[in-house]
There are 2 protein chains.
Amino acid sequence: MTREIPDIVIGRLPIYLRELTRLAEDEGKINTSSHELGKRLGISSAQIRKDLSHFGEFGKQGTGYHINYLIEQLRDILHLAKEWDVVVVGAGFLGHALANYHGFLHRGFRISWIFDSDPAKIGAAMGDLVVQSIDELETTITANNAKVAVIAVPANHAQEITDRLVSVGIRSILSYAPIHLNVPEGVEISYSDPVIQLQRMTYYL
Amino acid sequence: MTREIPDIVIGRLPIYLRELTRLAEDEGKINTSSHELGKRLGISSAQIRKDLSHFGEFGKQGTGYHINYLIEQLRDILHLAKEWDVVVVGAGFLGHALANYHGFLHRGFRISWIFDSDPAKIGAAMGDLVVQSIDELETTITANNAKVAVIAVPANHAQEITDRLVSVGIRSILSYAPIHLNVPEGVEISYSDPVIQLQRMTYYL
């Protein structure tokens, strides 16, 4: 894995991609500029140009960026040309929300399986899925060569689930459990904890 | 609002607070060190000491940090000594998950109201709450002097809801809508979009 390009730059590419998609699909625009994009995102146009320059020359002096072309390029860079199958572990309220969320569509991901250990939940329908037993976690991931997982289990089970996911080849994990998780080198992990985000803001109140 | 301390430092304080709470409550520890904390969080001990030094002298050479004392100090710094009432807008699957999430407890926040515009949802029980009409949004916020809100509505309604929240004094917003939102100076906004997080990781796959 090469880390020549700063993580923070990689982290902004999905934001650009989302806004470009909005410009094209919701507003029917054909071209945009780093200035317009920056203004819409609260990011400087210089920053956007610098970020994109890591990957090539996507715009033209004067006419700016052809939106659909830049979308395709960003999707390639972020490895979104195909759809990734996503494993969700935990079929509580949050797992339920994830299974029913339409925001994954056309953005490179598809929730393909949802697992739980609770016999009362196993077999229940959730979105278009049926909750599977956590006992089938490893065999399902292995059989389908899945690489991406979302953890929606309580904090006290999250590390154990992480270890199980990693042991069968999961390489990208988004965790909603409010706990720091240990993963080996080569596995990416990202966290979502609403309280952490809220606490960061109340400092300014 | 003073911005003398970098946002990124403020952003790490809740992570320290969460891990310290885990050390104290789940593991019964009394003292810790920047070394131990750093090892558990994958952050260097020097970084932790530097971050905390912005706010005072919390540890002692040799014995490290008294955990409960540091917890109290961090809660004060982040303005969590009292519990903030949180407004949730949107009573879909995600709003439902938020209303039932116990992770806010004892961490400075309480979901106090949940609003929706769908007549089929208004009046329904969610967690300990009853879904209120979006028509009551402004009067409820004003009457209770609420400052913190969570947006769980579709992208195409999120800016309108943001404007309404800000107009009656909301100052901290956590948005789950997959769109960049404009807020005036003095209002903090934070985003949670699982696809953005996943896309950032697939770059490395």
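This section reports on the structure supplied with the text. Bear in mind the structure is a predicted one, so any value in this text is a computation, not a measurement.

### Some remarks on the overall build of chain A
Secondary structure assignment for chain A yields 8 helices and 11 strands. If one aligns the C-alpha atoms of chain A with their principal axes, the spans along those axes are about 60 × 40 × 35 Å. Here chain A, with 205 residues, has 51% of them falling under the buried criterion. Within chain A, counting contacts between residues at least 6 apart in sequence, those at least 24 apart form 55% of the total. Total accessible area computed for chain A in this model is approximately 9600 Å², and 51% of it derives from carbon and sulfur atoms. Chain A carries 19 positive and 24 negative side-chain charges, and their two centres are separated by 8 Å.

### Re the relation of the copies chain B and chain A
Mapping chain B onto chain A calls for a screw motion: a turn of 180° about the axis and a shift of 0.0 Å along it, with 0.0 Å RMSD after fitting. On this basis, the relationship between the two copies can be described by a two-fold rotation axis. Taken together, the interface assignments show that 100% of the residues at the interface of chain B recur at the interface of chain A, consistent with an identical surface on both copies.

### Overview of the pairing of strand E4 (residues 84-89) of chain A
Along any regular strand the residues' side chains alternate between the sheet's two faces. All names here are of chain A. Burial runs high along E4: 5 of the 6 residues are buried. Two strands pair when backbone bridges link them, and E4 and strand E5 (residues 109-116) are joined in this way by 6 bridges, in the parallel orientation. Bridged to Asp85 within E5 is Arg110. The parallel pair E4 and E5 is bridged by helix H5 (residues 93-99), and the resulting crossover is right-handed.

### A look at the interface of chain B and chain A
On the side of chain A, 63 residues touch chain B, which itself brings 63 residues to the contact. Of the roughly 6000 Å² buried between chain B and chain A, counting both surfaces, carbon and sulfur atoms make up 64%. Of all residues in chain B, Tyr203, Tyr204 and Leu205 of chain B bury the most surface against chain A, accounting for 14% of the area lost on that side. At the boundary of chain B with chain A, the tally comes to 4 salt bridges. Of the charged contacts, one joins Arg107 of chain A and Asp193 of chain B as a salt bridge, the two residues approaching to 3.0 Å between their closest N and O atoms. Our count for the chain B to chain A interface comes out at 23 residue pairs in polar contact (both at pLDDT 80 or more). Those elements that provide at least two residues to the side of chain B that touches chain A are helix H1 (7-26), helix H2 (34-41), helix H5 (93-99), strand E10 (172-175), strand E11 (188-191) and helix H8 (194-202) of chain B. In terms of residues, the side of chain B that touches chain A owes the most to one element, H1 of chain B, which gives 10 residues.

### Topic: helix H7 (residues 155-167) of chain A
Side chains three or four residues apart in an α-helix point the same way, a direct result of the helix having 3.6 residues per turn. Compared with the 18 Å implied by 1.5 Å per residue over 13 residues, the 19 Å span of H7 of chain A between its first and last C-alpha is a close match. Among all positions in H7 of chain A, only Ala155, Ala158, Ile161, Thr162, Arg164, Leu165 and Val166 of chain A are buried.

### Digging into unusual backbone geometry
Residues and elements named next belong to chain B. The backbone of His106 sits at a positive phi, close to 60°, despite the residue not being glycine. Inspection of the secondary structure puts His106 in the loop between H5 and strand E5 (109-116). Of note in this structure, Asn145 is not a glycine but carries a positive phi near 55°. Summarising the element assignment, Asn145 is placed in the loop between helix H6 (137-144) and strand E9 (148-151). Since its relative accessible area comes to 53%, Asn145 is described here as exposed.

Definitions and cut-offs
- Residues numbered from 1 in each chain as written.
- Chains lettered and ligands numbered in written order.
- Predicted model: local features only at pLDDT ≥ 70, side-chain atom pairs only at ≥ 80, totals over all residues.
- Heavy atoms only, no water.
- Helix = DSSP H or I, 4+ residues; strand = E, 2+ residues; numbered from the N terminus.
- Buried < 20%, exposed > 50% of the residue type's maximum accessible area, 1.4 Å probe, protein only.
- Contact = heavy atoms within 4.5 Å.
- Areas by Shrake-Rupley, 256 points an atom, 1.4 Å probe, with all protein chains shown as cover.
- Lys, Arg positive; Asp, Glu negative; His and termini not counted.
- Charge placed at Lys NZ, Arg CZ, Asp CG, Glu CD.
- Least-squares fit on C-alpha atoms with pLDDT ≥ 70 in both.
- Pairing = 2+ DSSP bridges.
- Right-handed = clockwise from strand over helix to strand, strands pointing away.
- Buried area = accessible area lost by both parts, 1.4 Å probe.
- Salt bridge = Lys/Arg side-chain N within 4 Å of Asp/Glu carboxyl O.
- Polar contact = N/O pair within 3.5 Å; in protein donor to acceptor, adjacent residues only side chain to side chain.
- Expected span 1.5 Å × (residues − 1).

Function cannot be inferred from these measures alone, as they are strictly geometric.
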